[in-house]
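Next come the chains, spelled out residue by residue.
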Amino acid sequence: MRLQAGERFAAGERFAAGEKTAAIARDLRASVRSVERRRCAWREGGLEGLRSAGPANSPTVSHSRFAVLEEELGKGPAAHGFEDERWTLAPVQAVIRRRLRVSLSVATVWRLLERHGWSWQAPARRALERDEHVVELRKKDVWSRVKASRRHVAPGSSSRTKPASR
């Protein structure tokens, strides 16, 4: 089990007091190995050495590299070989992988874009071709079929061996 921030600093104070690693690990419900790693970090950098450096496997995109990405996104999806003329997270992820040579999850791509002021897009207005009368007729037609297809509920038994009483 990994030590959380408060636990790391508490362990650092106990290191300074000369307590044994096993006792600290037992009290903090952490592995001896984890406490030993923190003791080594404490020896090298004191309490500051116990601060978290962040996740080890999370690649980052600097502001200068994000500027390159924005330039690429400004060219549009077609310039990158995508048929759809809208940017979605998957194509943006592909551009980041190809152009910046960084592999990010879709969720990380979303957080990256959001952090730099990008947002999801919604149409500002309805399509000119939309016919509200046809839409309403279709809703009524589809709804009546969906509503009618519902099975009638009758009293019965949930047992496989006992037949429903009628």
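Our structure's up above, just so we're on the same page.
Residues numbered from 1 in each chain as written. Predicted model: local features only at pLDDT ≥ 70, side-chain atom pairs only at ≥ 80, totals over all residues. Heavy atoms only, no water.

1. Brief notes about the side chain of Thr 21
The criterion, for reference: By the criteria applied, helices consist of DSSP H or I runs no shorter than four residues and strands consist of E runs no shorter than two, each listed in order from the N terminus. Each residue's exposure class comes from its accessible area (1.4 Å probe, protein chains only) as a fraction of the maximum for that residue type: buried when under 20%, exposed when over 50%, partly exposed otherwise. Within 3.5 Å is the distance limit for a polar contact, defined as a pair of N or O atoms, with the added protein rule that one can donate a hydrogen and the other accept it, and that residues adjacent in sequence qualify only through two side-chain atoms. Residues count as neighbours in contact if any of their non-hydrogen atoms are within 4.5 Å of one another.
Residue position: Thr 21 is located in helix α2 (residues 21–28). Here Thr 21 falls in the buried class, since its relative accessible area comes to 16%. A polar contact of 3.0 Å, which involves the side chain of Thr 21, links it to the side chain of Arg 39. When neighbours within four sequence positions are excluded, Thr 21 is seen to be in contact with Val 32, Val 35, Glu 36 and Arg 39.

2. Regarding the packing of aromatic side chains
Quick note on the threshold: The criterion for an aromatic pair is that two Phe, Tyr or Trp rings (for Trp, the six-membered ring) have centres within 6.5 Å, with stacked assigned to planes under 30 degrees apart, edge-to-face to planes over 60 apart and tilted to the rest.
Overall, the coordinates contain two aromatic pairs when judged by the stated rule. Seen in terms of ring centroids, Phe 15 and Trp 42 are 5.6 Å apart; in terms of plane orientation they differ by 50°. Their pairing is tilted. Highlighted residues: Phe 15 in helix α1 (residues 5–16) and Trp 42 in helix α3 (residues 32–45), separated in sequence by 27 residues. By relative accessible area, Trp 42 is classed as partly exposed at 22%.

3. A short note on helix α4 (residues 63–74)
Just so we agree on the cut-off: Expected helix span is taken as 1.5 Å per residue step, with the number of steps being one fewer than the number of residues. By arc we mean the arc of the directions from the helix axis to the C-beta atoms, nothing more.
Taking 1.5 Å per residue as the helical rise, α4 with its 12 residues ought to reach 16 Å, and the 16 Å between its terminal C-alpha atoms agrees with that figure. Every buried residue belonging to α4 is among Phe 66, Leu 69, Glu 72 and Leu 73, and all of these are buried. Seen from one end, α4 has its buried residues packed into an arc of 110°, which puts them on one side. Projecting away from the buried face of α4 at angles above 90 degrees are the exposed residues His 63, Ser 64, Glu 71 and Gly 74. Among the residues trailing α4, Gly 76 stands out with phi positive, at a value near 95°.

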